[in-house]
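# Per-entry structural report
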Amino acid sequence: MVSVAFINPLSDEGEIIVRELGDFGRVLSDNDDLMQIVTGSRSQEISNDSFIPRNYVDLAIKRIEWFVKKKNDRNFDNNQYDFLFNTEILKFDVIAFYLLCQAVGVKYGPNSRESRVMVESQGKLIEYRLEKLSKNVREELVTNILNSLISSTHIKWTFFEDLISSKKLKLQDLILDQGEIILDKEDFLERFSHKIHGRKPEKMYEALIGDRIKELVMIKMVMQNTENYILKVGEKSDREIEPNPILLELADKISDVLAASVRSYGIGGSYSGSVKASALNPKAFPPCVKKVMEGMKSGGRNDAIIMFLTPFISYARLYPSVFSENITKQISDIDPSLSIVENEVLPLIFGAAERCTPPLFEDQPQDKVNLNAKLGFGMHQKPDLKNEGETIWYTPMSCEKVKIHLPSLCKPDENCKKIGNPLSYYNMMIWKVRKEAKTESTTDNNE
Amino acid sequence: MVKIEYLTPASPEERKKYYREEWDIKQIPDFIAHSIQEREFGFDHVGRGPNDRYKVFRNTDLLKRFLKVRTPFAAYCSVAYYDKPRRRDKWTKAELVFDVDAKDIPIRTCECEGVCEICLNEAREIVCGIIDTLKQDLGLKNIHIVYSGRGYHVRVLDDDVTQVNSDVRSQIVKYIVGAEVPENEYSLDYEKVSYEHFVIPFGYPNVFTERVKYSILHLNEHSNLDEVNKKLLKDVLKYRPLIEDNNWGMFKNKIGPLRYKKVVNGIASMNMSLVDAKVSIDLKRILRLPSSLHSMVSMKCTEVKNIETFDPFKEAVPKFVYERK
């Protein structure tokens, strides 16, 4: 039987394994048992020493490396990481999990890119581990874990408030009735059989809920608990003076893996890491921005120009990698004389405002002050360095927020499916344009 | 019943008459009166928006005195509860609100400029659908409906939702309005099965079906749906009687599966505008105070006891309107 801790390291079994570790210093020592399990894994690639983790910290890094490469590297070879799916690695894997959470928690906290990657990697690892199990074992394991995570058979949807809030689960994914989430087959049949016509209720249950939703809920709950654990570690480390240097070193290594992925693949899918500030290319704007650039009708004008377009244009021009770098900056950090703001950013925004019906600043001149405030220059008519910092330089709205605040703007095209923020769309398109240009110039040279 | 054209802005004298002769503090719903000390109040005295904010009343008598003396253009009250409402400090919870404004609903069979009997009735129908889903799917019970003067506020006070954050509220909105097309292909062990939303009589697919049905039955030849051209719109209108009889399979066949997909995609993207989502996710919003006067249209903001039978032109018209010459 596969241990619950192989899927949920935060389970009681997982905690017992951690308590049994003993001396923390051991995590850096070469571990023959670990290397033996790794090299003995069925399809493990052993042609290169670097494929084999030598100790707990190495294993922790391999976990992150697996996730980043699997997501981004077209030539990814799973056999280099086959040991991650060998159930014999359990005890080492659980310790590696805790090391990662603690390293990320003490150094970067729960809202960091490192934390997001850690949580997502745990989710993906669970998915692939479950896939490798037989149907019966998988079902039993999922049921056991769910039973330990959810005590009642009647689960209110609000029980998953954290998962819904963090968008790990969508309400639409779940079958809700009278405020309860329906997971159990008998419960489903009792509630809905009489309503279903012309189809077999049992089959409908298997399709709509069945193992799929149970697994989804279980995986997302483990991910949420991982995030909560990182948060707890972060809060605890704020109170303690000196974090363990091994954890700090591991945290740096995690960051190195992510930085290497940015260099090689242009950041985990968001492309923004590879995009540097440069002249704007309106052809790469997402459909929502193009729509505002054409001018808005009365009603949505203010929000579209001030709340939506101003942050987008300013960040796309000056700081397109804001989300991947995750460092707060002021405009003058990038444009010390504000000449780019005056010559490139403002003319585009003012042009779009002018094209509104009626032109925005004609009947609402006070909105110039609001625009200035969104750039971080306080409640004044024009950007001036002496006022910088009086307000915050607003970051671009996410697609989610656009749908809420300006639903008429969101007319997604094919490329929108891959992104969650109009700025990521722009970066992705710029990246593609440059890549194509590079390919073309290489072809030209070869000719 | 009063005609809409008589509902012109109220004069300062009419406001005075309303608050001093007709308005009664007892018309303020209990769900507000009982928590008056924890809420922020705001007022608009001249018709330029609620800029007299952060007002607090220790009891209903003090609010009564204020309204009778100041006879404001508009009165508002927070959906949020605070320990220190005067500074909007120590937020404790907020009602979950859905704001359905008749002039902003995306499909209106009327072509009026502002609001009229027809679109107000359509707003009422949308509210009925929202309430059904709140009860049936989310299990919420403490629901109050307020006629705002130009539409409706659905105000939910169940403990389950009053402390949830904006992200959860945003997901609730999407579920309630049917903002996403449900999946229609599901994997079983050895096969894929297809269930269109309309064959699933429960959960989100059923909510979506109800919203699509409402929209299709209210479309007209001037309606504008993303990716739906005039020809397709014409076919939808031609075959929509099938949907009235819930004959969805036949309707889809007549339209064609790919074109059907375009129609439901267009409706899903439009559904986000059924309510003003900004209001729903705002944890510190102020809403028009039930019982107060909507001076712009001379109607009473009124708690609705029975939404099925409510008629604003009978139940929300102040007496002074009948006295107008």
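No experiment lies behind these values; they were computed from the predicted model shown.

Turning our eyes to something else, we now look at the domain arrangement of chain A. In terms of domains, chain A is made up of domain 1 (4-265) and domain 2 (274-446). Here the C-alpha centroids of domain 1 of chain A and domain 2 of chain A sit 36 Å apart.

All names here are of chain B. Annotation of chain B at the domain level lists domain 1 (1-177 + 273-317) and domain 2 (180-271). The C-alpha centroid of domain 2 is placed 33 Å from the C-alpha centroid of domain 1. At the interface, 13 residues of domain 1 touch 14 residues of domain 2. Elements with a contribution of two residues or more to the side of domain 1 that touches domain 2: helix H4 (117-136) and helix H6 (166-177). When grouped by side-chain class, the residues that make up the side of domain 1 that touches domain 2 number 5 nonpolar, 4 polar and 4 charged.

Glancing now at the interface of chain B and chain A. Facing the 30 residues of chain B at the interface are 32 residues of chain A. Those elements giving two or more residues to the side of chain B that touches chain A turn out to be H6, helix H7 (203-218) and helix H12 (277-281) of chain B. Top element by residues in the side of chain B that touches chain A is H6(B). It accounts for 6 residues. The residue makeup of the side of chain B that touches chain A, split by class, is 17 nonpolar, 7 polar and 6 charged.

Let us now look at the pairing of strand S3 (residues 74-78) of chain B. All names here are of chain B. Judged by how many residues are buried, S3 sits mostly within the fold: 5 of 5 residues are covered. The alternating pattern of S3 places Ala74, Tyr76 and Ser78 on one face and Ala75 and Cys77 on the opposite face, and all of these are buried. In this sheet, S3 lies alongside strand S1 (residues 41-44) in antiparallel orientation, the contact comprising 4 bridges. Residue pairing for S3: Phe43 is matched across the bridge by Ala75.

The next point concerns the sheet that holds strand S6 (residues 96-101) of chain B. All names here are of chain B. The sheet built from 4 strands is open, its strands ordered S6-S8-S7-S14 with antiparallel pairing. Of all the strands in the sheet, the pair left with one neighbour each is S6 and strand S14 (302-304). The mean angle between the axes of side-by-side strands here comes to 25°, regardless of whether they run parallel or antiparallel. With 6 bridges connecting them, S6 and strand S8 (residues 151-156) associate as antiparallel partners. Bridge pairing in S8 links Asp99 to His153. Running at roughly 15° to S8, H4 makes contact with S6, strand S7 (143-147) and S8 of the sheet.

Glancing now at helix H16 (residues 339-354) of chain A. Residue and element names in this part refer to chain A. Between its terminal C-alpha atoms H16 stretches 21 Å, which fits the 22 Å expected from 16 residues at 1.5 Å a residue. Among the residues making up H16, those that are buried are Val341, Val345, Leu346, Ile349, Ala352 and Ala353. Elements that come into contact with the buried residues of H16 comprise helix H12 (287-293), helix H13 (301-318), helix H15 (331-334), helix H17 (360-363) and helix H18 (367-374).

With that out of the way, let us pick up helix H11 (residues 257-271) of chain B. Residue and element names in this part refer to chain B. Helix length check: H11 (15 residues) gives 21 Å between terminal C-alpha atoms against 21 Å at 1.5 Å per residue, within 8%. When H11 is considered as a whole, its buried residues turn out to be Val263, Val264, Gly266, Ile267, Ala268, Ser269, Met270 and Asn271. Lining the buried residues of H11 we find H6, H7, helix H8 (230-239) and helix H10 (248-255).

Here we take up the confidence of the model for chain A. Residues and elements named next belong to chain A. Residues at a pLDDT of 70 or more form 95% of chain A, whose mean pLDDT is 90. For chain A, the element scoring lowest by mean pLDDT is helix H20 (residues 422-446), at 80; strand S2 (residues 176-177) scores highest, at 97. Within the model, pLDDT remains below 50 along residues 267-273, and this stretch shows 30 contacts once partners closer than five positions in the same chain are excluded.

So, how was this worked out
Throughout this description, residue numbers start from 1 for each chain and increase along the sequence as written. Chain A is the first chain written and ligand 1 is the first ligand written, with later ones labelled in order. Note on the predicted model: pLDDT of at least 70 is required for a residue's local features to be given, and 80 or more for side-chain atom pairs to be given and counted; whole-chain, interface and lining totals, by contrast, use all residues. Source of the domain bounds: an automatic or database domain assignment. A residue pair is marked as a contact if its C-beta atoms, positioned from the backbone, fall within 7 Å. Note on conventions: DSSP H or I runs of at least 4 residues are helices, E runs of at least 2 residues are strands, and numbering of each starts at the N terminus. Note that Gly is not counted as nonpolar here; it falls among the polar residues with everything else outside the nonpolar set of Ala, Val, Leu, Ile, Met, Phe, Trp, Tyr, Cys and Pro and the charged set of Asp, Glu, Lys and Arg. Put plainly, a residue is buried at 20 or more neighbouring C-beta atoms within 10 Å of its own, exposed at 12 or fewer, and partly exposed in between, counting only other residues' C-beta atoms, which are placed from the backbone. Paired strands are those between which DSSP finds at least two bridges. To obtain each axis, a line is fitted to C-alpha atoms, and for helices this fit is confined to the stretch in contact; angles are then taken between N-to-C directions over 0 to 180 degrees. What a helix should span is 1.5 Å times the count of its residues minus one. Values of pLDDT, the confidence the predictor places in each residue, fall between 0 and 100.

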